[in-house]
Amino acid sequence: MVKLEFHDPSGTLEITQPHAPRLASLEGRRIGFVSNEQWQAFRMLPLLKSMLEQDFPGVEVLPIDTFPQGNDLIGTEKTADLVGKSGVDAVIVGNAA
Amino acid sequence: MKNAVSGLGLAPDAAMITFPIDMFLPGSDIGQLKARKQEIYNGLTHWKSDFKAAAPAKSTMLCVEGASYEDALVKANNFLLTNLWGDGLPMWPATRERVDWILKGSALPRTHMLGKFPPRGGLTTVETCAVALAMAGGRPEYLPVLVAAVDACFDPSTVFDQLQATSGGPFPAVIVNGPIARQIRVNSGFGLLGPDPQHPAGASIGRALRLMQQNVGGALPGVGTMAIFGAMRYTNAVFAEDDEGLPPGWQPHATQRHGFAPGTNSVSVVFASGATNVRRRGAKKETPEEDALNGMWRMADFMRTPNLAALAGWEKGTPGIMMIAPIVARRMAELGWTQNSIREFLWENSKIPMAQMSRAGAPAWIEIDSNPVTRESINLDPWPICLKPDNIVLVVAGGGHPTHSYWLQAHSPSVIGRVIRLPETFDELLIQADRDLGCGSDHCAIA
């Protein structure tokens, strides 16, 4: 038998931080949206906001445009800082396609 | 999405709800959102990452066995394809021997970190480049160009993560200036955007870059890159400017755009999104002046399109690369045209009347652009396809024939230059290349 040994070409990944912990419940929580304003987000995210408000007593869902919107802005440190300072318990990001 | 998360240093996993593309189109039925709301709520409350193991700290060696070398080679190729690391063409497995050989072309240590390849965030060292170049059929003397090109792609101004993922399918166009192009056989002449056994370097370098984009950066079609068509993505476009074919007084692209001294070995990376041939030459009894002017108008006419992907580079990048053949450049220079006057003509005459822009729905894209300078351009009528003539990349390259020019339209927020660093033993590599491949048509280190 001939053995052929070669490098894995995929490069290594460096995991430096854990995912955010999940919430025990959405009741009474403060939820934000970070939107790229694409792919019908202007219709879907308001619908999601109304569903959350209907299904979870005391939930506060911030307006869709609370944080900077658009592909070039939603990944910036400035947006992350604004989200952090807003006191939200969770964020929903949309829409990718 | 998993790539983006991974690129931020999180485990490559996400609380993500996936719907068919139809729901994301204008006028769609978004009722599915209601039907699947519990999945969204669960993403906020119960989701757990499926990713278990941390990746190893260094490159892993893989192994296949076969009844013969031929059999093992087939199995290795099948293994690479089934693990989604191939491109459908045969490849060399990156064995220790082959990678060590390629690394002879590096001026930097093999562990030198170039950065995280976006969006997936795979750690990218010189060795990572050598592995890809080995798989792509490359040689050690090609490695300095690949390393410089990868480093250019990593420049924050390229917004490389978005270019990797976008549906538009941009591909890196790497323009090489300096004597290294001839020395390692990067094509600047006939057929420079395609295969040429006399100039094989561009294909291997570009293929290696593409393999890295896919395997290290995560740009797998339909998963990590949503490029709908993905043209030019087997090898990207790696070619040289014909420095020696420049008319007297004209400067190399790398000097004009990046300020590198003529004769400097360098790369300049533009992200292109299309490739169009322009029949430039006249057909009848035109005077030289008419022939030049008609050709310039035809080039401008090809450029005069609302290429909305180019908005990304409207202020600081480029709308594209116009390639003119050396014989055309010389004739135009004799008629008094300069690089600046050519760019100014193309810029002025590729402006689009705003009525045409409106007809195509283009102003909406300008209005939502994140760059205020670009947004302001909506007040210009006719609308210039870039802020100023200097945005247009003009390159003298192509075969010695006057009939065509070539327009590589761009999706390029910036144009990035890098000086190529060579190892001290570079001349020895060139001698070995001539021994292995025979003397090229325009360079020979052992003559």
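See above for the structure.
Treat the numbers as computed from the prediction; the structure is a model and nothing was measured. (Residues numbered from 1 in each chain as written. Chains lettered and ligands numbered in written order. Predicted model: local features only at pLDDT ≥ 70, side-chain atom pairs only at ≥ 80, totals over all residues. Heavy atoms only, no water.)

Student: Got a sec to walk through the sheet that holds strand β2 (residues 30-35) of chain A? Specific residues and values, please.
Tutor: Residues and elements named next belong to chain A. Taken together, the 3 strands give an open sheet; going across it, the order is β3-β2-β4, and neighbouring strands pair in parallel fashion. Each edge of the open sheet is held by one strand with a lone partner, namely β3 (60-61) and β4 (90-94). In terms of strand pairing, β2 meets β3 through 2 bridges, oriented parallel. Its bridge partner lying in β3, I31 is registered against V61. (Pairing = 2+ DSSP bridges. Helix = DSSP H or I, 4+ residues; strand = E, 2+ residues; numbered from the N terminus.)

Student: Describe the packing of helix α7 (residues 143-153) of chain B against helix α10 (residues 201-215) of chain B, listing the residues and the values that go with them.
Tutor: Residue and element names in this part refer to chain B. Contact geometry for α7 and α10: axes closest at 10 Å, N-to-C directions at 45°. Here α7 lies oblique to α10, going by the angle between them. Like other packed secondary-structure pairs, α7 and α10 cross with a definite hand, here right-handed. Contacts between α7 and α10 involve V145, L146, V150 and C153 on the former and, on the latter, I205, A208, L209 and M212. Class assignment for the residues of the contact of α7 with α10 results in 8 nonpolar, no polar and no charged. (Axes fitted to C-alpha atoms, helices over the stretch in contact; angles between N-to-C directions. Parallel < 35°, antiparallel > 145°, perpendicular 65-115°, else oblique. Left-handed = near helix turned anticlockwise from the far one by under 90°. Contact = heavy atoms within 4.5 Å. Nonpolar A, V, L, I, M, F, W, Y, C, P; charged D, E, K, R; others polar.)

Student: Describe in detail helix α13 (residues 326-334) of chain B, supporting the description with residues and values.
Tutor: Residues and elements named next belong to chain B. Considered for burial, the residues of α13 that qualify are P326, V328, A329 and M332. Here the buried residues of α13 occupy an arc of 160° about the axis, which is enough to place them on one side. Those residues of α13 hidden inside the fold are in contact with α12 (288-303), β8 (318-324), α14 (339-349) and β9 (393-396). Of the residues trailing α13, G336 is marked for its positive phi of about 100°. (Buried < 20%, exposed > 50% of the residue type's maximum accessible area, 1.4 Å probe, protein only. Arc of directions from axis to C-beta.)

Student: Could you give an account of the interface of chain A and chain B, with specific residues and numbers?
Tutor: At the interface, 42 residues of chain A touch 70 residues of chain B. Carbon and sulfur atoms supply 66% of the area buried between chain A and chain B, which totals about 5200 Å² over both sides. Of all residues in chain A, F6(A), H7(A) and L13(A) bury the most surface against chain B, accounting for 17% of the area lost on that side. Taken together, the connections running from chain A to chain B amount to 3 salt bridges. Close ionic contact of K116(B) with E14(A) constitutes a salt bridge, the shortest N to O distance being 3.8 Å. Seen at the junction of chain A and chain B, the total is 19 residue pairs in polar contact (both at pLDDT 80 or more). Per element, the largest residue contribution to the side of chain A that touches chain B is 7 residues, and it comes from helix α1 (residues 41-55) of chain A. As judged from the 6 bridges shared by strand β1 (residues 2-7) of chain A and strand β1 (residues 61-66) of chain B, these two strands associate in the antiparallel manner. Within β1(B), the residue paired with L4(A) across the bridge is V64(B). (Buried area = accessible area lost by both parts, 1.4 Å probe. Salt bridge = Lys/Arg side-chain N within 4 Å of Asp/Glu carboxyl O. Polar contact = N/O pair within 3.5 Å; in protein donor to acceptor, adjacent residues only side chain to side chain.)

Student: How would you explain the packing of aromatic side chains if you had to name every residue and give the values?
Tutor: For any pair of aromatic rings, the description consists of the separation of the ring centres together with the inter-plane angle of the planes. Residue and element names in this part refer to chain B. For the coordinates displayed, the defined rule picks out 9 aromatic pairs over all chains. Considering the side-chain rings of F117 and F160, the 5.4 Å spacing of their centres and the 50° angle between planes classify their relative orientation as tilted. Placement of F117 in strand β2 (residues 113-117) and of F160 in helix α8 (residues 160-165) is noted, with a sequence separation of 43 residues between them. A residue is classified by how much of its surface remains accessible, and F160, at 4% relative accessible area, is buried. Their ring planes at 80° and their centres at 5.2 Å tell us that W297 and F345 sit as a pair that is edge-to-face. Of this pair, W297 sits in helix α12 while F345 sits in helix α14, placing them 48 residues apart in sequence. Overall, W297 belongs to the partly exposed group, its relative accessible area being 36%. Of the residues examined, F345 reaches a relative accessible area of 14% and is grouped as buried. Through a chain of ring-to-ring contacts, three or more aromatic side chains come together here, namely F117, F154, F160 and F271. R36 extends its terminal NZ or CZ atom over the ring of F19, reaching a point 4.6 Å from the ring centre. (Phe/Tyr/Trp six-rings, centres within 6.5 Å; stacked < 30°, edge-to-face > 60°. Lys NZ or Arg CZ within 6 Å of the ring centre and 35° of its normal.)

Student: Now, about the nonpolar core: what can you tell me, with residues and values included?
Tutor: Residue and element names in this part refer to chain B. If you look at the biggest cluster of nonpolar residues, it comprises 61 residues, and the most contacted ones within it are L143, L146, V150, V176 and I184. Sorting elements by how many residues they give to this core places α7 first, with 9 residues. In this structure, L143 is in contact with I102, L103, G105, S106, V126, C129, A130 and L133, ignoring residues within four places of it in sequence. Of all hydrophobic cores here, the second largest spans 33 residues; its members include V278, F345, M354 and I366. (Core = buried A, V, L, I, M, F, W, Y, C linked by side-chain atoms within 4.5 Å.)

Student: Would you mind going over the environment of H19(A) in detail, with residue names and values included?
Tutor: Mapped onto the elements, H19(A) comes out in the loop between β1 and β2. When the C-alpha positions of H19(A) and L62(A) are compared, they lie 22 Å apart, and in sequence the two are 43 residues distant. If near-sequence neighbours (up to four positions away) are discounted, H19(A) is found in contact with V5(B), L10(B), A11(B), D13(B), W47(B) and S49(B). Within polar-contact distance, the side chain of H19(A) engages the backbone oxygen of D13(B) at 3.2 Å.

Student: Lay out the pattern of salt bridges with the relevant residues and their values.
Tutor: Pairs can form between side chains of opposite charge whenever their charged atoms are close. Residues and elements named next belong to chain B. Enumeration over the complete set of coordinates arrives at 23 salt bridges over all chains. Across the salt bridge formed by E141 and R139, the nearest N and O atoms sit 2.7 Å from each other. Each member of the pair, E141 as well as R139, is classed as buried.

Student: If you had to explain the packing of α1(A) against helix α3 (residues 37-45) of chain B to someone new, which residues and values would you point to?
Tutor: The geometry of α1(A) relative to α3(B) is characterised by a closest axis approach of 12 Å and an angle of 80° between their N-to-C directions. Put simply, α1(A) runs roughly perpendicular to α3(B). On the side of α1(A), the interface is formed by L48(A), M51(A), L52(A) and D55(A), while α3(B) contributes K37(B), I40(B) and Y41(B). The residue inventory of the contact of α1(A) with α3(B), partitioned by class, reads 5 nonpolar, no polar and 2 charged.

Student: Go over unusual backbone geometry, please, and point to the residues and values.
Tutor: Residue P119(B) is bonded to the preceding P118(B) through a cis peptide linkage, with omega at 0°. The topology assignment puts P119(B) in the loop between β2 and β3 (122-125). Here W39(A), not a glycine, exhibits a phi torsion of approximately 60°, which is positive. Mapped onto the elements, W39(A) comes out in the loop between β2 and α1. Phi is positive for R185(B), which is not a glycine, with a value near 75°. Examined against the element boundaries, R185(B) turns out to sit in the loop between α9 (180-184) and α10. Taking relative accessible area as the criterion, R185(B) reaches 8% and is therefore assigned buried.

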